[in-house]
Amino acid sequence: MVTIQKIQHAQERLRGIALRTSLLPVVFREGEVFLKPENLQPVGSFKLRGAYNKIASLSPEQRERGVIAYSSGNHAQGVAYAARALGCRATIVMPDNSPQLKLEKTKALGAGIVIVGPASDERKARAEQLATEHGYALIPPYEDEAIIAGQGTVGLEIVEDLPDVNTVLVQCGGGGMISGISAAVKSLRPEARVYGVESELAAKGKASFEAGHRVTFPAEETSRTIADGLRAQSVGECNFEHIQHYVDGFIGVTEDEIRESVRRLNLDANLVAEPSGAVATAAALFHREEFPADGKTVAIVSGGNIAPEMLKEILSQE
């Protein structure tokens, strides 16, 4: 389990690297929500926090050999950016259904790309193989203490800026962000509630939480959601331990609700969010009966790496 001290240490490491995003109070017609705009990070998502904290924790010898990661896009960019900042070479294993924008941005940051099939297990296996063959340090997307601690700095900032927060709504892909945020929030404000949010088409965190053990979804099922950053087939083992210990529940949202939340974030809050980044807002707007909505609620806007043509199509919907 990641301690509050490890998260605070990560916060010190990240000073001057990750943007300390301010909470934005936005009054939607459904009620007021405080948004945490991680889409404003240099790589367009929260992933920079964990990636930098992990690579910075490596020895100089490990960084000299290079790092490798597996990702559908946002972790890829976080690792590529952090590796460049710390002067080491990065290789990223990405699925063939990665959004073109995320692929191009990862390349632009100087990383080498290896393409595999759509299954998250496949890209993990390939990255582990390459790490063994070349001596690369593996930078996993979520199942790692340093990654969790880095993502947990989001939770530290929330409680520092809104000490009387009641509810925090957090996206759940593999579970790195919700692990870190829930650990930070519950350590500093035990009475606050933390909920994971997923697409109903890829709700393996919700299924695992309700079953009391990790549940794995097939790749052809999770790949149906527009929220490409949340297509992990299962939450990580150590992430699930954090979820069981700190998280109060899970909320599933529909594809239409995700799309509408992308549109509403753009029109009502002047924020560009990718579908994965809008999932927590979808819970805040359309599932208020599933969490204590009478207090101060924070929804994480986890990323904004959306293709222009997709954003145009979503904004054109009425």
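Up top is the structure these notes are about.
Source: prediction; values computed, not measured.

Q: Let's hear about the pattern of salt bridges: which residues, and what values?
A: With the rule as written, the count across this model stands at 22 salt bridges. For lysine 36, the salt bridge identified is with glutamate 157, shortest N-O distance 2.6 Å. Taken together, the positions of lysine 36 in strand β2 (residues 31–37) and glutamate 157 in helix α7 (residues 145–161) put the pair 121 residues apart, joining distant regions of the chain. Glutamate 157 carries the same exposure label as lysine 36, and that label is buried. The salt bridge involving glutamate 260 is made with arginine 263; its shortest N-O contact spans 3.0 Å. Remark: arginine 263 and glutamate 260 occur in helix α12 (residues 255–269); sequence separation between them is three residues, near one turn of the helix.

Q: How would you explain empty space enclosed by the protein if you had to name every residue and give the values?
A: Considering all chains together, one arrives at one cavity of 30 Å³ or more under this definition. A volume near 90 Å³ is recorded for the largest cavity. Lining the largest cavity we find 13 residues, and of these Pro95, Asn97, Pro118, Arg123 and Arg231 sit closest to its centre. Elements supplying a minimum of two residues to the lining of the largest cavity: α6 (120–134) and α10 (219–222). Residues of the lining of the largest cavity, tallied by class, amount to four nonpolar, six polar and three charged.

Q: Tell me about α7, and name the residues and values.
A: In a regular helix each residue adds 1.5 Å, so 17 residues correspond to 24 Å; α7 covers 25 Å between its end C-alpha atoms and thus fits that length. At glutamine 151, α7 shows its largest kink, close to 25 degrees. Within α7, 14 of the 17 residues are buried, which leaves the element mostly enclosed by the surrounding structure. One side-chain oxygen at the N-terminal end of α7 lies 2.9 Å from the backbone nitrogen of alanine 146; it belongs to aspartate 144.

Q: Got a sec to walk through the side chain of serine 234? Specific residues and values, please.
A: Among the secondary structure elements, serine 234 is positioned in the loop between α10 and α11 (237–246). Beyond its immediate sequence surroundings of up to four residues, serine 234 is in contact with Tyr142, Gly173, Gly174, Lys204, Arg214, Val215 and Thr216.

Q: Tell me about the layout of surface pockets, residues and numbers included.
A: By rolling a water-sized probe across the atoms, one finds the places where empty space is left. Here the largest pocket defines a volume of roughly 530 Å³. Lining the largest pocket are 38 residues, and of these Pro141, Tyr142, Gly173, Gly174 and Ala232 lie nearest its centre. Elements represented by at least two residues in the lining of the largest pocket include exactly α4 (74–85), α6 and α8 (176–188). For the lining of the largest pocket, the leading source of residues is α6, giving four residues. Of the residues that constitute the lining of the largest pocket, the class distribution is ten nonpolar, 19 polar and nine charged.

Q: Which residues make up the packing of α7 against α8, and what values go with them?
A: Direction vectors running N to C along α7 and α8 enclose 45 degrees, while the axes themselves pass 7 Å from each other. It follows from the interaxial angle that α7 and α8 lie oblique. The handedness of the crossing between α7 and α8 is right-handed. Between α7, through Ile148, Gln151, Gly152, Val154, Gly155, Leu156 and Val159, and α8, the contact on the second element is made entirely by Gly176, Met177, Ser179, Gly180, Ile181, Ala184, Val185 and Leu188.

Q: With reference to specific residues and values, describe the nonpolar core.
A: Among the nonpolar cores identified, the biggest contains 31 residues, and Phe28, Leu35, Leu169, Ile251, Val253, Leu265 and Val279 are the most heavily contacted of them. The element that contributes the greatest number of residues to this core is helix α13 (residues 275–286), accounting for seven residues. Core analysis: the next-biggest nonpolar cluster, separate from the first, contains 25 residues, Leu14, Ala18, Leu48 and Ala69 among them.

Quick notes on the rules
- Residues numbered from 1 in each chain as written.
- Predicted model: local features only at pLDDT ≥ 70, side-chain atom pairs only at ≥ 80, totals over all residues.
- Heavy atoms only, no water.
- Salt bridge = Lys/Arg side-chain N within 4 Å of Asp/Glu carboxyl O.
- Helix = DSSP H or I, 4+ residues; strand = E, 2+ residues; numbered from the N terminus.
- Buried < 20%, exposed > 50% of the residue type's maximum accessible area, 1.4 Å probe, protein only.
- 1 Å grid on protein atoms, 1.4 Å probe; cavity = no way out; pocket = protein on both sides within 12 Å on 5 of 7 lines; lining within 4 Å.
- Points joined across faces, edges and corners; volume = space filled by probe spheres on them.
- Nonpolar A, V, L, I, M, F, W, Y, C, P; charged D, E, K, R; others polar.
- Expected span 1.5 Å × (residues − 1).
- Bend = angle between axes of the 7 residues up to and from the residue.
- Polar contact = N/O pair within 3.5 Å; in protein donor to acceptor, adjacent residues only side chain to side chain.
- Contact = heavy atoms within 4.5 Å.
- Axes fitted to C-alpha atoms, helices over the stretch in contact; angles between N-to-C directions.
- Parallel < 35°, antiparallel > 145°, perpendicular 65-115°, else oblique.
- Left-handed = near helix turned anticlockwise from the far one by under 90°.
- Core = buried A, V, L, I, M, F, W, Y, C linked by side-chain atoms within 4.5 Å.

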